[in-house]
Structures are given as C-alpha cells and as structure tokens.
Amino acid sequence: MGSNLDQLREALGEVSDLQEAFRVLAWDQETFLPAGGFEGRGVVLSTLGRRAHDLFVSDRVTRLLEATEGEVSSLDPGSDEASLVRVTRRDQERDRRIPSELVGEMATASSAAAPVWREARAKSDFAMFAPHLARNVELSLRRAEAIGYESRPFDALLYTEPGMTTSQLEVIFAGLKESIVPLVKKIAGKADAVDAGCLHGDFPEAPQLGFVNTVIERLGFSFEQGRMDISAHPFMIGMNPGDVRLTNRVSRGLVTMAIFGGIHESGHGIYGQGISPALARTPLWDGASNGVHESQSRLYENLIGRSRPFWKHWFGELRALFPEQLAKVDAEDFYRAVNRVEPSLIRVEADEVTYNLHILLRFEIENDLLEGRLKVEDVPEAWNAKMVEYLGVKPPNDAEGALQDIHWSFAGELAGFPAYSLGNLMSAQLLAAIRNDLPELDGQVEAGEFGPLLGWLHERVHQHGRKFTPAELLLRVTGQELDASYWVAYAERKFGDIYGLN
Ligand code: ZN
C-alpha cells in the first residue's frame, strides 16, 4: 500500500472513472440514442451519478483527505499535490452537507420537469410549467440551506463560481446596465449602418460544417483527441485528456449558426484538451469554473472570431465555398454583418452588446424568487416588464419570453446564468493581458497564425485545470481581480467604430 496521497489518488480515480462513464452515456443520449432508449438510460445515469457521489463523500475519502493534509502542508500551494488536497477538501465538505435524499429528489424533479418544459414551450403555456419552477425554487432553497449562507441563498448556489458573491454580482451588473443601455440606444439611432442580409440565403450544410471544422482545427482543437457531432443544442463534454467531444448545429438558411456555434464550443474544447494530463482522474481535471470556461469559448467566438483581422483571413475561403451567395460582399461587409447589434427576444441569439442584459434579467428574477419577492405565477409579467425596460422589446408570448431556456427545468440548480456574463467580462480582461504579451496578435490572426494565442492560453490558463479559483487565476494571469471596465471599453471601442458613434 502506498502513501496516503497515493491511496487518495486511487480512491478519487475510481470516482472519476464512474463520472467518465456517466459523461459518455450522457453524450450518447444527446447525440445518437434512439428515442426508445431514454427511459432506460435515465436509470443508468441516475445509478452512476449516485454511486460516484457516495464514493466521493465516503468515510474512506474523508479519512484520506485528513491524513494527506500533513503530507502536503510543506509543499507550494500551487503544486499539483497541495492543490489536489485543498480543492478536493473544499468540494467534498460541500457535497457531504447535501443529503443523499435531496440529490435524489433533485434528479427526479429534473427528469419530471424536462418533458413538461418542452411541451409548455411548444404550446407557450407558462401555467403548465409553473409547478415545476416552483418545485425548482423549493429544492434550490433546500440545497442553499444545506450548503449554508449568511443572508443571500443565491450565495450558496454560486459555489460553481468559487469566491463570487451575489452582492458583487449586483455591483457588476449595475455598472454594465449603466454602460450598455445608452450604448444600445445610440446604436439603435444608426441601425441602418450595418446590413446583415448577406448572412441569410441558401447555404448547403456540408460545406459549412467542413469550413468550421477547418477553422477550429487551425485555432487549436485537436481531432486526434476529440470529435465533433451534431445535436439540438451545441455543447462540449470532456471524457479524459485524450477525448474531448464537441457538438454543433447547422442552418441552411443562416450561414453564421454553425460557424460561431462551432468556434464557441471549440473554445471550451481547446480548454479541455489543454488541461495538464497529470491532473486526469482527479477533481482538478476540469475548468476553473463555468465562468472561466465561458471566458475561453467567448474569447474564441467573439473577441477573435468576430474580429476584423479574423475575417480578413477567413472570408476568402468561405466565399470560395459559396461564391454566388456571397458574391456581393467583401471581408469588411461580412465582419460588419456578423457584428450587427439589435435588441432581440432570445438570449442564445443575442449579439455581444445586448447579451449581458438577458443575463441581468434572469439574475434578478432568480434572486426575487429565492428571496420571496416574486411569485412563480408572476414571472412572465416581471420578465416582460424587464425586457421592455432593458431592451425595449416585448415578448409576444412566453415561448419567446420566460419559457425560452431549459435551465429552469434543472431542479435545485438556480444561479447558473451569471457564469455567461462573467465569461464575457473575463474574456476581455484576458485579451488585454494577451495584447500586452503579444503586441502582434492582430497581425498573427490576420495571417491565420493562432499558435501564439493558443500557447499563451495553455501556459497561463488551461494547464492549471481547477487548481486555482477564478479570482486566484485572474490575479495570477492579469495581476488584477475581475474588472468589468475591460469589457465595457472593448464594446464601446468595437461597436463605436462599426456604428460610427465616436
Ligand atoms: Zn459555452
């Protein structure tokens, strides 16, 4: 028998193996599983999920964590070993507070809510889904109680963004609202400055998918250690360092859906493939947080993929595939078209400028629900009023309003939305640091050289996995805590230029 640390690694490796089996089956469910297989698959996933949880919170792991604490106390806190013990202990102490019955109730409630959400959205019938949202709020509150919090239940549920608090988010969003709402108004006054008509037409799917796979491979996604398939909602799921999978979707009528969906997911995938293999089969083999993960997908999708140098490089290849459809536009027209700003109803289709307002709205509604200021049946009214106030558009029905996201069918898991905005903010802060170190970045992107950017991200962000909290990582990499002014400056500069506001 080896050292306590070896035994801990062995025990955590078994947990990780069960989780990998869970992920492979979950990926299969979203891609190739025939409809008849869903019920049986749900049972298998539930068993694997519970077994992994039980093993993780077991007395054996608790004992080994206590025993290894002394063994690593003299090591550098940034070492793999010290980080493994510190982060695992944090995760395990939290998970042990959540009773198994609650884990089971959350899984059952989520399974029950998902098909109802689908039907309610199809019929645009909020009342049909309301009891499931009420159950979600109840289970989220019980989960928050179990984890523990001082005054804001949202704080406990934010454990997926270690170090972030509800009041910090309120300050960040208030600042964003103050800069975005006037920017959107100014852009609305110049709406005709950008024509996105060239993005719509008849674009056969196969060449679109071939193009995006060429792009993401050049960005740094390895098809030797990953793959790309089609699913209703694109996602990334990492099995192990040699197997990181992406999905995408494609529209024959809109050429940008597959391109930006694919680049977005490749940002997640490049992160997954860049985590040090030494962290495999441990709780450290994942992104630092959902927010940090989104910072990578959004950096590639928006800050690089929707930049002028990027399209100076790629537009020729795209037009060669669709010479008739894109006959009347050049790289500059295409760059402007993919950056068109227009307040709209659906979050996942929102442009870079208005996107964060969609998140602010959800953040406020979830807090109001958790803190008892809003009743579930009044959610559509509150939703629509905020859409009018922040974006100036009113959903004609709940399918395009409060029923649009699947997230509220994940019972016990409110508080997931802010990660998307945190990712936007971090991506701009990271880009500022990247530009300091790589002053030739724009020229490299225009030349189709993405290696220096990839190397920087691997070295500073990707390889560390979950060793550092988002705040620790940002401080190490940029020398500063999260600062929203980088994103605001980026948006004002880019869209001020496109719309001629300055
Ligand atoms: Zn994402």
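Predicted, not measured: the structure shown is a model, and the values here were computed from it.

Caption draft 1: Region of interest: the overall build of the chain. Looking only at helices and strands, the chain has 20 helices and three strands in total. On C-alpha atoms alone, the chain measures out to a radius of gyration of 23 Å, which is about the 23 Å that the 2.2 N^0.38 rule sets for 502 residues. Projected onto its principal axes, the C-alpha coordinates of the chain cover approximately 70 × 50 × 45 Å. Here the chain holds 502 residues, and 54% of them are scored as buried. Split by element, the accessible area of the chain, about 21300 Å² in all, is 51% carbon and sulfur. A gap of 1 Å separates the mean positions of the 51 positive and 74 negative side-chain charges of the chain.

Caption draft 2: Structural view of the packing of aromatic side chains. As enumerated under the stated definition, the model contains 15 aromatic pairs in all. Where tryptophan 27 meets phenylalanine 32, the ring centres are 5.7 Å apart and the plane angle is 75°; that geometry is what we call edge-to-face. Overall, the relative accessible area of 51% leaves phenylalanine 32 in the exposed class. Where phenylalanine 221 meets phenylalanine 223, the ring centres are 5.2 Å apart and the plane angle is 85°; that geometry is what we call edge-to-face.

Caption draft 3: Quick peek at the coordination of the zinc ion. Around the zinc ion, the protein contributes the donor atoms His264 (NE2), His268 (NE2) and Glu294 (OE), which lie 2.1 to 2.2 Å from the metal centre. Each donor residue of the zinc ion lies on the same chain, and together they follow the pattern H-x3-H-x25-E. Of this pair, histidine 268 sits in helix H10 (residues 256–274) while glutamate 294 sits in helix H11 (residues 290–304), and the two are 26 residues apart along the sequence.

Caption draft 4: Representation of the environment of phenylalanine 129. The residue phenylalanine 129 is located in helix H6 (residues 126–147) in this model. As for phenylalanine 129 and proline 241, which are separated by 112 residues in sequence, their C-alpha atoms are 39 Å apart. Excluding anything up to four places from it in sequence, phenylalanine 129 contacts Ala113, Val116, Trp117, Ala120, Leu403, Trp408 and Ser409.

Caption draft 5: Fine view of the pairing of strand S2 (residues 236–240). Judged by how many residues are buried, S2 sits mostly within the fold: four of five residues are covered. With four bridges connecting them, S2 and strand S3 (residues 243–248) associate as antiparallel partners. Bridge pairing links asparagine 240 to aspartate 243 in S3. Turn length for the S2-S3 hairpin, with the two strands adjacent in sequence and antiparallel, is two residues.

Caption draft 6: The pattern of salt bridges, seen in detail. Counted under the stated rule, the structure contains 32 salt bridges. Between aspartate 405 and arginine 347 there is a salt bridge, and its shortest N-O distance comes to 3.1 Å. Of this pair, aspartate 405 sits in the loop between helix H15 (379–391) and helix H16 (418–437) while arginine 347 is found in the loop between helix H13 (331–337) and helix H14 (352–370), placing the two residues 58 residues apart along the sequence. Arginine 347 matches aspartate 405 in its accessibility class, with the two residues each being buried. Through salt bridges that share partners, Arg152, Glu170, Asp368, Glu371 and Arg373 make up one connected network.

Caption draft 7: Summary view of unusual backbone geometry. The phi torsion at serine 124 lies on the positive side, around 50°, for a residue other than glycine. With a phi close to 90°, alanine 415 is a non-glycine residue in the positive phi region.

Caption draft 8: Structural view of the sheet that holds S2. Overall, mixed pairing links the three strands, which are arranged S1-S3-S2 in an open sheet. Edge positions in the open sheet fall to strand S1 (226–230) and S2, since each of these has one partner strand only. Taken pair by pair, the neighbouring strands of this sheet meet at an average axis angle of 20°, ignoring direction. Here S1 pairs with S3 via five bridges, running parallel. Looking across to S3, one finds that arginine 227 is bridged to arginine 245. Running over the sheet, helix H1 (residues 4–31) touches S1, S2 and S3 and is turned about 145° from S2.

Caption draft 9: Broad picture of the environment of serine 485. If you trace the backbone, serine 485 turns up in helix H20 (residues 485–498). The class of serine 485 is partly exposed, set by a relative accessible area of 41%. In this structure the C-alpha to C-alpha distance between serine 485 and serine 179, which are 306 residues apart in sequence, comes to 9.7 Å.

Caption draft 10: Representation of the domain arrangement of the chain in the model. Along its sequence, the chain is carved into domain 1 (4–96) and domain 2 (166–498). Averaged C-alpha coordinates put domain 1 and domain 2 at centres separated by 29 Å. Of all residues in domain 1, the largest losses of buried area upon contact with domain 2 belong to Arg23, Trp27 and Asp80, amounting jointly to 30% of the total for that side. Taken together, the connections running from domain 1 to domain 2 amount to three salt bridges. Residue aspartate 17 is joined to arginine 281 by a salt bridge in which the shortest nitrogen-to-oxygen separation is 2.8 Å.

Caption draft 11: Fine view of the side chain of glutamate 161. Checked against the element boundaries, glutamate 161 lands in the loop between helix H7 (153–157) and helix H8 (166–188). Here glutamate 161 is buried and forms no salt bridge, its nearest opposite-charge partner arginine 466 lying at an N-O distance of 9.9 Å. With sequence-adjacent residues up to four places away left out, glutamate 161 is seen in contact with Ser289, Asn290, Gly291, Ala419, Leu422 and Pro470.

Caption draft 12: View of the pairing of S3. In terms of burial, S3 is largely enclosed, as six of its six residues are buried. Of the two faces of S3, the one holding Asp243, Arg245 and Thr247 and the one holding Val244, Leu246 and Asn248 are both buried throughout.

Caption draft 13: Main features of helix H19 (residues 470–478). Every buried residue of H19 is listed here: Pro470, Leu473, Leu474, Val477 and Thr478. Down the axis of H19, the smallest arc covering the buried residues is 95°, so these residues share one side. The secondary structure elements touched by the buried residues of H19 are H11, H16 and helix H18 (451–460). Taken from the residues just after H19, glycine 479 is the one with a positive phi, measuring 75°.

The rules behind each value
Residues numbered from 1 in each chain as written. Predicted model: local features only at pLDDT ≥ 70, side-chain atom pairs only at ≥ 80, totals over all residues. Heavy atoms only, no water. Helix = DSSP H or I, 4+ residues; strand = E, 2+ residues; numbered from the N terminus. Rg over C-alpha atoms; globule rule 2.2 N^0.38 Å. Buried < 20%, exposed > 50% of the residue type's maximum accessible area, 1.4 Å probe, protein only. Areas by Shrake-Rupley, 256 points an atom, 1.4 Å probe, with all protein chains shown as cover. Lys, Arg positive; Asp, Glu negative; His and termini not counted. Charge placed at Lys NZ, Arg CZ, Asp CG, Glu CD. Phe/Tyr/Trp six-rings, centres within 6.5 Å; stacked < 30°, edge-to-face > 60°. Donors = N, O, S within 2.8 Å, 3.2 Å for Na, K, Ca; no water. Contact = heavy atoms within 4.5 Å. Pairing = 2+ DSSP bridges. Salt bridge = Lys/Arg side-chain N within 4 Å of Asp/Glu carboxyl O. Axes fitted to C-alpha atoms, helices over the stretch in contact; angles between N-to-C directions. Domains from an automatic or database assignment. Buried area = accessible area lost by both parts, 1.4 Å probe. Arc of directions from axis to C-beta.

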